[in-house]
Each structure stands twice: as structure tokens, then as C-alpha cells.
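Residue-level listing of the chains:
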Amino acid sequence: MQALVSAFQREFGRAPEGIAEAPGRVNLIGEHVDYNDGLVLPFAIDRSVLCAWAPHDEGVIDAYSADYAEHARIEASVTEQSKGSAWAPYVRGVVTALTDAGHPPSGADIAIAGDVPQGAGLSSSAALEVAVAGAFRDAFGLPLDDVALAQLSQRAENEFVGVQCGIMDQFASALSRRDHALLIDCRTLAYQHIPLRLEASGLAVVVANSAASRTLAGSAYNERRRDCDAAVALLRERLGRDDLHSLRDVSIAEIIDLDVAWTPPLRRARHVVTEIARVAAAVEALAADDFAGFGALMQESHLSLRDDYEVSSRELDLLVGLATAQEYVLGARLTGAGFGGCTVNLVRADRIDAFERDVIAPYRERTGLPAEMYVTAPHDGLRTWRV
Ligand code: GLA
């Protein structure tokens, strides 16, 4: 944090007035269901994006990225994206979303720095959006609660960055709580902090980064969303249910018993409906400290994502396969959008070194990719303070 304060001072010739910090996330279970009105269970990790701020009255945002050593000038009235910049479009997206919501940020200097690995599926972009939105909320005293902040950050990504993501990542970044997983009902946006007694149970969450490129992620993601829309239309007709508006409205019995050719849209639907049920079961398992049951649900989730939703990859399957072969791993699955990125693993805490030896090292050897692991635990979501 001190480095960011110094960078702010150097670049803008004055001290910041406040800082907002928003974390990345890992999702324990509930994948590709947020945009189907489903249930998800992420938590915030100990990697975050910091945004230092001080307002001025020149009507523009002067933004500086310490990680890229790059400046961008962002005017609320200019909607075109900052081409060629890896980070400025996100800031611009937040400025535009705030303006559209009736809260145009008048003017400020902001400086940004972060340590969420990028392109790894740990929501570095949501962390950036929520940190910037949190900074503007404080800088201009905006009347927005954390849920509104998450929604606005999602709009920034949907409309101005172009990825049709659901609400999970921004919501987790804004509202997570230390030592708890965050159960979000993406239909109502009701949420609950679910105690995650990892330490007391001798367990740890290990994130394994496959280091495989996620180049397909954007286009295939939007394609899966279209498949889900098609499935809703098909199931409405097939089940004769006019009250069916999203895959959340379909029961397990209705989908499992269908006597159909399992075309891609219907397989996507089968994943979504069973995955939502798995999240509900996972929450019950946590309430009973039944981590073996929880791990088994993670396993089923991965298979469903691999076979029905088709968002896994050779690398992710290899990581999950190596992990599940170890008796000290209770569960392993891909986390986030898929196509590369990370897996999440529930591991006995006293065997973390073995995980490096049995899973990460052989993976590196077989793929030639520089995989890494991070041990993490639930952290607080967005935090803001004055300096
Ligand atoms: C990405 C999106 C989320 C969610 C996940 C898959 O992380 O940003 O909204 O859809 O993929 O669960």
C-alpha cells in the first residue's frame, strides 16, 4: 500500500485522500449458473486491487496504473474505449456506468495497483472495477450500497468491456467476509455469509493455476449463454410451462427424466439444473462440517462442467485428475469460466507440500507449463479507508 501512496504522490504531486481495496475471488461451487438465476458459493481471496484517490474539480478522471506505469485521461462524456490499454477500459466502464446511473464522477486523480493474477480466472477485472467504483463512492459521497456497487461494476464489464458475465465476481469482490463463503441467490440477489471452518477441520483451499491460455474464454462464454437461452425456449415448450423464465425454474426431476436427444443446449441445461442443486447440497454439507460430502459435490461439478457444459480443457482435466488421485484431496474442480485458468482443491492442511510434489510438479513436467499453486482462505470483500 505504501508503494501505491508513493506512486500517487510522485505522479500527481499531492497525497491521496483515501484508498479502496477490492479482492479477486475463487468459486467453491456453482459454475456458469449466475446468469441462469442460480446459486453460487464463492469467497474473496487474499489478492486484491488497490485504488488510491483524491478528487479535483477539472471534470475528468486522471488515472494512473502503477503496474503498467501508464496514464489515462477519462471523460465521462466520451464513450469510446481506450484502445490498446489493458486496464483503462475497465475504469472507463465504471465511469460510464456511474454516469448512466445518474452519478457522474466530477473529477479525480486515481492510482491503481494490484496483485490478482491476470487471465487466471480469479477475477482480476472484477477486483479492478469494484476497487474503482468503491473509490468513486468515497471520493464523491455517492449513495450506493455494496450490492448496487457490484451491479454497477457488472454493467461496466457487460456494456463497456464486452464480456457478458453474470454478477458473481463483482458481488463476491464487494460483499465477501473473512472466514465465510458467500452464498448468492443470483435471482433475488439475497446473500448469506456461510461459515467455512477450514482451519478447525484441518483443511485448506488450494488454487492451482494451470498457466494455460484462456483465449477462447470470451467468445465461448457468450456462446454458452446463448445455448442457455435456447434451452429455456426448448424446455418451455417441451414441458408445457409458460411460467418457465430461466433454468432456475426447472427441477432436477424434470430435466433428468427427459426422454430427448441430448443436444448441446439441453446438456447445458442439465449442467445448470444439477449444479444449482449441488450448491444447495454443498451449503447443507458445510452446515454439518461434512467436508467429504462437500468434496464429492466438487467432483460431480467438474464432471458436469467437462461433459455437459464443455468448458474444461486438457490442462484443467489433468490438474483435476492428478489431484483427485491423492487420498488427501477431498475435492477438485475447475473454477471460474473455464477453458484454462485455475482449479480449486480442498486439501488436508498437513499435506500441502505433497500437493506441490504430486500434482503441480507432474503437471509442469507433462505440459511444460509453469503452473503455480496458492493456498488461500476467505478474506473480506471491498474495504475502504482514508489516508
Ligand atoms: C466468469 C463470469 C462469472 C461466472 C463465471 C462462471 O467468472 O464473470 O459471472 O459466470 O465465469 O461461473
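The structure under discussion appears in the preceding block.
The residue count restarts for each chain, going from 1 along the sequence in the order it is written. Local features in this predicted model are restricted to residues whose pLDDT is 70 or higher, and side-chain atom pairs enter the listing and the counts only when it is 80 or higher, whereas totals over whole chains, interfaces and linings include all residues. With hydrogens and water stripped out, all remaining heavy atoms of the structure feed into the side-chain values.

Here we look at the packing of helix H9 (residues 291–307) against helix H10 (residues 314–324)
Running from amino to carboxyl end, H9 crosses H10 at an angle of 155 degrees, the nearest separation of the two axes being 12 Å. Classed by the angle they form, the pair H9 and H10 counts as roughly antiparallel. Both H9 and H10 take part in a crossing whose hand is left-handed. Between H9, through Gln299, His302 and Arg306, and H10, the contact on the second element is made entirely by Leu316, Asp317, Val320 and Thr324. Tallied by class, residues from the contact of H9 with H10 come to 2 nonpolar, 3 polar and 2 charged. Axis definition: a line fitted to C-alpha atoms, over the contacting stretch in the case of helices. Angles run 0 to 180 degrees between N-to-C directions. Numbered from the N terminus, helices here are DSSP runs of H or I no shorter than four residues, and strands are runs of E no shorter than two. With respect to orientation, any angle under 35 degrees is reported as roughly parallel, any angle over 145 as roughly antiparallel, any angle of 65 to 115 as roughly perpendicular, and every other angle as oblique. In this scheme the crossing of two helices becomes right-handed for a clockwise turn of the near helix relative to the far one and left-handed for an anticlockwise turn of less than a right angle. The contact criterion used throughout is that any non-hydrogen atoms of two residues lie within 4.5 Å. As a working rule, the residues Ala, Val, Leu, Ile, Met, Phe, Trp, Tyr, Cys and Pro are called nonpolar, Asp, Glu, Lys and Arg charged, and the rest polar, with Gly in that last group.

Points about the site of the ligand
Consider each residue's heavy atoms; a residue with any of them within 4 Å of a molecule or strand counts as near. The environment of the ligand is made up of Arg25, Glu31, His32, Asp34, Tyr35, Cys165, Gly166, Met168, Asp169, Tyr221, Gly336 and Ala337. Gly166 places a polar main-chain atom, nitrogen or oxygen, 2.9 Å from an oxygen atom of the ligand. The fraction of the free accessible surface of the ligand (300 Å²) that becomes covered by protein chains is 93%. Each residue belonging to the shell around the ligand can be placed in one class, and the counts come to 5 nonpolar, 3 polar and 4 charged. Whenever two N or O atoms come within 3.5 Å, that pair is a polar contact, provided that in protein one can donate a hydrogen and the other can accept it, and provided that, for residues adjacent in sequence, both atoms are side-chain atoms. Accessible surface area values rest on a Shrake-Rupley calculation with a 1.4 Å probe, where residue burial reflects the displayed protein chains alone.

A few points about the sheet that holds strand S10 (residues 329–335)
The strand order across the open sheet formed by 4 strands is S10-S11-S9-S12, and the pairing between neighbours is antiparallel. Strand pairing shows two members of the sheet lacking a second neighbour, S10 and strand S12 (372–376), which therefore form its edges. With direction set aside, neighbouring strand axes in the sheet form an average angle of 25 degrees. Taken together, the 7 bridges between strand S9 (residues 203–209) and strand S11 (residues 342–348) define a ladder with antiparallel strand orientation. Bridge pairing in S11 places Val207 opposite Val344. Packing of H9 onto the sheet brings it into contact with S9, S10 and S11, and relative to S10 it is tilted by some 35 degrees. Strand pairing follows a simple DSSP-based rule, namely that at least 2 bridges must link the two strands.

What to know about the nonpolar core
Among buried residues, the Ala, Val, Leu, Ile, Met, Phe, Trp, Tyr and Cys ones that are joined through side-chain atoms within 4.5 Å form a nonpolar core. Buried means the residue's accessible area, taken with a 1.4 Å probe over protein chains only, is under 20% of the maximum for its type, while exposed means over 50%, and partly exposed covers the values in between. Grouped together as the largest cluster of nonpolar side chains are 106 residues, with contacts concentrated most on Leu41 and Ile110. Per-element accounting of this core gives the leading share, 10 residues, to helix H8 (residues 264–287). Not counting residues up to four positions away in its chain, the partners in contact with Ile110 are Phe8, Phe12, Cys51, Ala52, Trp53, Ile61, Asp62, Ala63, Tyr64, Val91, Val132 and Phe136. Residues Ala323, Val347, Phe355 and Ala371 belong to the second largest nonpolar core, which totals 20 residues.

Some thoughts on the pattern of salt bridges
For side chains bearing opposite charge, pairing can occur when the charged atoms are close. Criterion for a salt bridge: a side-chain nitrogen of Lys or Arg within 4 Å of a carboxyl oxygen of Asp or Glu. Across all of its chains, the model carries 27 salt bridges by this definition. Glu21 is the partner of Arg383 in a salt bridge, and the nearest nitrogen-oxygen pair spans 2.8 Å. Linking Arg383 in strand S13 (residues 383–386) with Glu21 in strand S1 (residues 18–27), this pair joins segments that are 362 residues apart in sequence. Classification of Arg383 by relative accessible area gives partly exposed; the value is 41%. In this structure Glu21 comes out as buried when scored by relative accessible area, which is 18%. A salt bridge links Arg348 to Glu327, with the shortest nitrogen-to-oxygen separation between them at 3.7 Å. Of this pair, Arg348 sits in strand S11 while Glu327 sits in the loop between H10 and S10, and the two are 21 residues apart along the sequence. Salt bridges here are not isolated pairs; linked through shared partners, they connect Asp227, Arg267, Arg268 and Glu310.

Description of the sheet that holds strand S4 (residues 61–65)
The strands that make up a sheet pair up through hydrogen bonds in the backbone, lying either parallel or antiparallel. Read from one edge to the other, the open sheet built from 6 strands follows the order S5-S4-S6-S3-S1-S13, with strand pairing classed as mixed. Each end of this open sheet is capped by a strand with a single partner; those strands are strand S5 (70–74) and S13. Averaged over all adjacent pairs, the angle separating strand axes in this sheet is 20 degrees, with direction ignored. Relative to strand S3 (residues 42–55), S1 runs antiparallel, the two sharing 9 bridges. Across the sheet, Arg25 pairs through a bridge with Ala44, a residue of S3. Against the sheet, helix H2 (residues 88–100) contacts S4, S5 and strand S6 (108–114), and its axis sits at roughly 25 degrees relative to S5. Strands in contact with helix H3 (residues 124–140) are S1, S3, S4, S6 and S13; relative to S3, the strand with the most contacts, it is inclined by about 40 degrees.

Focus on the state of the cysteines
Cysteine sulfur pairs qualify as disulfides if the two atoms are within 2.5 Å. This model, assessed by the stated rule, comprises 0 disulfides. There is no disulfide at Cys51, and the cysteine sulfur nearest it, in Cys165, is 19 Å away. On the accessibility criterion, Cys51 (0% relative accessible area) is buried. Summary of cysteine pairing: Cys228 is not part of a disulfide, and the nearest cysteine sulfur, belonging to Cys186, is at 13 Å.

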